[in-house]
Amino acid sequence: MRANVNFKIGQRLVGPDAAPFIIAEMSGNHNQSLDRALELVDAAAEAGAHALKLQTYTADTMTLDCRKPGFVIEDPGSLWAGAQLYQLYEEAHTPWDWHAPIFERARSRGMIPFSTPFDATAVDFLESLGVDCYKVASFENTDIPLIQKVARTGKPMIISTGMATVAELHRSVTAAREAGCEHLVLLKCTSTYPASPANSNIATIPHMRELFDCQVGLSDHTMGTGVSVASVVFGATVIEKHFTLARADGGVDSTFSLEPAELRQLVIETERAWQAVGSVKYGPSQAEKKSLQFRRSLYIAQDLKAGDVLTTDNVRAIRPGFGLPPEHLEEVLGTTVKSDVERGTPLSWNLLR
């Protein structure tokens, strides 16, 4: 099964045999400052993130400069209520001439830099920068021409699945594979900002893995790290979280972004969760065997003379565990000892007549 096949992005193994691949998504949290963008790279590296992701678009490749219905966010509950799409993307985009210095800094800090392209020109541009993989955003997961364009690069692909039906995902996955994608990761995603844990439905992860026979991870827009850590138990191999230096600094995605200390905890706790999943196992593990001595067992609780009868007063189930198992208590009560026995002696069959 392809879902169980590990593969490499850059020099890092991605798959069930590796700790989750943690992607720090910069998005527009650079707040239109290259210096801040480079600070974000350094902070993500220090937190232990494995990859640094950008978004590669311009306002003109995303939408039209237009105020007709649909081009202005009218949802009063949105973080961006009232914003014109063109202006929002103008504010949030990462200038293309910043990509090279950001990628260079990320590589120098041991991270894998890559991006989400939003049109064919972005794919060509990212190819010129030598990216190791690509991400397709949820809002583009039905853009079959874009998916095909990315797949033809032969690089590993990560596709977010927000809003997509099974039929839509089938078309997208089929298009990617037919166009040459060999290594695919789908990310369970809830396309609300922020998302709530109750709407995350991470139990979908193993179902999605079986349905599409590929690795599955999580693009997590919830607050905190709990949902991401829990997803590892369901088999998530890739975790993507938005990242900022401080939410108080503001920015288009700052509200649902992790700060450096939280990102560090995400890296630590997802690896712990991955280590803890293990396999179905009963009985003492190798590490537990030395603890068997502290189980309860039957011990002589009073000094006894030869011929004394065992009672609940002079035999007790206590720790440590060198005597007979407590299940034999009823069986030994009423029997006699063959010789003198000191208090604190583990009870064994050879002590009895």
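Attention here is on the structure that accompanies the text. Everything quoted here is computed from the prediction, not taken from an experiment.

## Overview of the overall build of the protein
Inference 1: Check the secondary structure of the protein and you find eleven helices and twelve strands.
Inference 2: For a compact globule of 353 residues, the expected C-alpha radius of gyration is about 20 Å, and the protein comes in at 30 Å, more than 25% above that figure.
Inference 3: C-alpha atoms of the protein, sized along the principal axes, occupy 100 × 45 × 40 Å.
Inference 4: A total of 353 residues make up the protein; the buried ones form 48% of that total.
Inference 5: Of the contacts formed within the protein by residues at least 6 apart in sequence, a portion of 65% connects residues at least 24 apart.
Inference 6: Seen as two clouds, the 33 positive and the 42 negative side-chain charges of the protein have centres 8 Å apart.

## Topic: the packing of helix 6 (residues 144-151) against helix 7 (residues 166-178)
Inference 1: Direction vectors running N to C along helix 6 and helix 7 enclose 30°, while the axes themselves pass 8 Å from each other. Read as a crossing pair, helix 6 and helix 7 show a hand that is right-handed. Contact residues: I144, I147, Q148 and A151 in helix 6; R171, S172, A175 and A176 in helix 7.
Inference 2: Across the contact of helix 6 with helix 7, the residue classes tally to five nonpolar, two polar and one charged.

## Notes on a positive patch on the surface
Inference 1: There is a patch of like positive charges on the surface, built from R296, R316, R319 and R343.
Inference 2: Inspection of the secondary structure assignment puts R343 in the segment after helix 11 (329-332).
Inference 3: By relative accessible area, R343 is classed as exposed at 63%.

## Looking at the side chain of D253
Inference 1: Inspection of the secondary structure assignment puts D253 in the loop between strand 10 (238-242) and helix 10 (260-277).
Inference 2: Although buried, D253 forms no salt bridge, and the nearest oppositely charged side chain, K53, lies 8.8 Å from it.
Inference 3: Discounting chain neighbours no more than four positions away, the residues touching D253 are S27, G28, N29, W80 and H242.

## Describing the packing of aromatic side chains
Inference 1: Taken as a whole, this structure holds six aromatic pairs when the rule is applied.
Inference 2: Relative to F125, the ring of W96 lies with its centre 4.9 Å away and its plane at 25°, an arrangement referred to as stacked. Within this pair, whereas W96 is found in helix 4 (residues 96-108), its partner F125 is found in helix 5 (residues 120-128), the two being separated by 29 residues in sequence.
Inference 3: For W96, a relative accessible area of 22% puts it in the partly exposed group.

## A short note on the packing of helix 5 against helix 6
Inference 1: Where helix 5 contacts helix 6, the two axes come as close as 10 Å, and the packing angle between them is 15°. Accordingly, the angle class assigned to the pair helix 5 and helix 6 is roughly parallel. Here helix 5 runs over helix 6; the crossing is right-handed. Mapping the contact onto sequence places A120, V123 and D124 in helix 5 and L146, K149 and V150 in helix 6.
Inference 2: Partitioned by chemical class, the residues of the contact of helix 5 with helix 6 number four nonpolar, no polar and two charged.

## Digging into the pattern of salt bridges
Inference 1: Summed over the entire model, instances satisfying the criterion amount to 13 salt bridges.
Inference 2: Close ionic contact of R272 with E269 constitutes a salt bridge, the shortest N to O distance being 2.8 Å. Here E269 and R272 lie together in helix 10, a separation of three residues that amounts to about one turn.
Inference 3: Given a relative accessible area of 25%, E269 falls into the partly exposed group.

## Some words on the pairing of strand 7 (residues 157-160)
Here is the key point about a regular strand: its side chains alternate between the two faces of the sheet.
Inference 1: The alternating pattern of strand 7 places M157 and I159 on one face and I158 and S160 on the opposite face, and all of these are buried.
Inference 2: Pairing between strand 6 (residues 134-136) and strand 7: three bridges, direction parallel. Looking across to strand 7, one finds that V136 is bridged to I159.
Inference 3: Following the backbone out of strand 6, through helix 6 and into the adjacent parallel strand 7, one traces a crossover that is right-handed.
Inference 4: Note that the unit made of strand 7, helix 7 and strand 8 (residues 184-189) has a crossover that is right-handed.

Conventions used here
- Residues numbered from 1 in each chain as written.
- Predicted model: local features only at pLDDT ≥ 70, side-chain atom pairs only at ≥ 80, totals over all residues.
- Heavy atoms only, no water.
- Helix = DSSP H or I, 4+ residues; strand = E, 2+ residues; numbered from the N terminus.
- Rg over C-alpha atoms; globule rule 2.2 N^0.38 Å.
- Buried < 20%, exposed > 50% of the residue type's maximum accessible area, 1.4 Å probe, protein only.
- Contact = heavy atoms within 4.5 Å.
- Lys, Arg positive; Asp, Glu negative; His and termini not counted.
- Charge placed at Lys NZ, Arg CZ, Asp CG, Glu CD.
- Axes fitted to C-alpha atoms, helices over the stretch in contact; angles between N-to-C directions.
- Left-handed = near helix turned anticlockwise from the far one by under 90°.
- Nonpolar A, V, L, I, M, F, W, Y, C, P; charged D, E, K, R; others polar.
- Patch = residues over 30% accessible without salt bridge, like charges linked within 9 Å, V, L, I, M, F, W, Y side chains within 5 Å.
- Areas by Shrake-Rupley, 256 points an atom, 1.4 Å probe, with all protein chains shown as cover.
- Salt bridge = Lys/Arg side-chain N within 4 Å of Asp/Glu carboxyl O.
- Phe/Tyr/Trp six-rings, centres within 6.5 Å; stacked < 30°, edge-to-face > 60°.
- Parallel < 35°, antiparallel > 145°, perpendicular 65-115°, else oblique.
- Pairing = 2+ DSSP bridges.
- Right-handed = clockwise from strand over helix to strand, strands pointing away.

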